[in-house]
Amino acid sequence: QRLPHSPYLLVLLHTGEYWMAVARLVERYVAPTRFVIPIWNYRDPFTYGALMSLEGLGHKVEILDSNSPATALCIARRIRQGHQVIIFSDIPVSLNTSRAGEPVDGTLFGRAAQFVKGPMFLASRLGCPVLLAGHRVQLGSHGQLHAIAHIAHGEVQDMLAYWSKA
């Protein structure tokens, strides 16, 4: 299945295998596309190199430090320029004394779960739709990428409500 070239916030649920989820998403774009991928472990050379290797598929990849205060502004600029932004949507996490992500209730694999609401907030503010996808690992293969929901641009609460049901 080919994906649209209009700017989307491509939100991957952090299920499956990180590199493969991004690669399976990027390979769906036939025409050369510029992808912006903010990552938490920006300084890890393996992670950075693995994501940059996606340029071998004929695309341009820009890796951002998700911990940098300038990242949200850069994402906004790139969306306005028509680039695709891939963000992982994790469960709210606490590490030592810092907490990342304000939680929103939803379901995951049929059970109650919490997710961060940042991606929907960002999409609402930027005026772009969201493609919510997930990756399922399959032994002996590249796994499967599943488009879970297309969430039209709207007010953040409406987008969150739709997402929590997806």
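Treat the numbers as computed from the prediction; the structure is a model and nothing was measured.

Draft legend 1. The arrangement of the packing of aromatic side chains in detail. A full pass over the atoms with the stated rule returns 2 aromatic pairs. On the basis of an interplanar angle of 80 degrees and a centroid distance of 5.1 Å, the ring pair of Y29 and F35 is categorised as edge-to-face. With a centroid separation of 5.8 Å and 90 degrees between ring planes, the pair formed by Y42 and Y48 is classed as edge-to-face. Given the relative accessible area of 31%, Y48 is considered partly exposed.

Draft legend 2. Spotlight on the packing of helix 1 (residues 18–26) against helix 2 (residues 45–52). With their axes 10 Å apart at the nearest point, helix 1 and helix 2 run at an angle of 20 degrees to one another. For the element pair helix 1 / helix 2, the angle class is roughly parallel. Classified by chirality, the crossing of helix 2 by helix 1 is right-handed. Contacts between helix 1 and helix 2 involve Y18, W19 and V22 from the former and F46, T47, A50 and L51 from the latter. Class assignment for the residues of the contact of helix 1 with helix 2 results in 6 nonpolar, 1 polar and no charged.

Draft legend 3. The arrangement of the nonpolar core in detail. L9, I75, V85, M120, V130, I151 and W163 are the most contacted members of the largest nonpolar core, which totals 25 residues. Elements represented by at least two residues in this core include exactly strand 1 (9–13), helix 3 (71–80), strand 4 (84–89), strand 8 (111–116), helix 4 (118–126), strand 9 (130–136), strand 10 (144–151) and helix 5 (156–165). If you tally residues by element for this core, the top one is helix 5, at 4 residues. Counting residues in each nonpolar core, the second largest holds 22 residues, with Y18, A21, V26 and I63 among its members.

Draft legend 4. Main features of the side chain of T71. Tracing the sequence through the fold places T71 in helix 3. With relative accessibility at 8%, the residue T71 sits in the buried group. Not counting residues up to four positions away in its chain, the partners in contact with T71 are P38, L64, D65 and S66.

Draft legend 5. A look at the pattern of salt bridges. Enumeration over the complete set of coordinates arrives at 4 salt bridges. Measuring nitrogen to oxygen at the nearest pair gives 3.2 Å for the salt bridge that ties R24 to E27. Using a relative accessible area of 18% as the deciding quantity, one classes R24 as buried. Three or more residues are tied together by salt bridges with common partners; here these are R24, E27 and R28.

About the criteria used
- Residues numbered from 1 in each chain as written.
- Predicted model: local features only at pLDDT ≥ 70, side-chain atom pairs only at ≥ 80, totals over all residues.
- Heavy atoms only, no water.
- Phe/Tyr/Trp six-rings, centres within 6.5 Å; stacked < 30°, edge-to-face > 60°.
- Buried < 20%, exposed > 50% of the residue type's maximum accessible area, 1.4 Å probe, protein only.
- Axes fitted to C-alpha atoms, helices over the stretch in contact; angles between N-to-C directions.
- Helix = DSSP H or I, 4+ residues; strand = E, 2+ residues; numbered from the N terminus.
- Parallel < 35°, antiparallel > 145°, perpendicular 65-115°, else oblique.
- Left-handed = near helix turned anticlockwise from the far one by under 90°.
- Contact = heavy atoms within 4.5 Å.
- Nonpolar A, V, L, I, M, F, W, Y, C, P; charged D, E, K, R; others polar.
- Core = buried A, V, L, I, M, F, W, Y, C linked by side-chain atoms within 4.5 Å.
- Salt bridge = Lys/Arg side-chain N within 4 Å of Asp/Glu carboxyl O.

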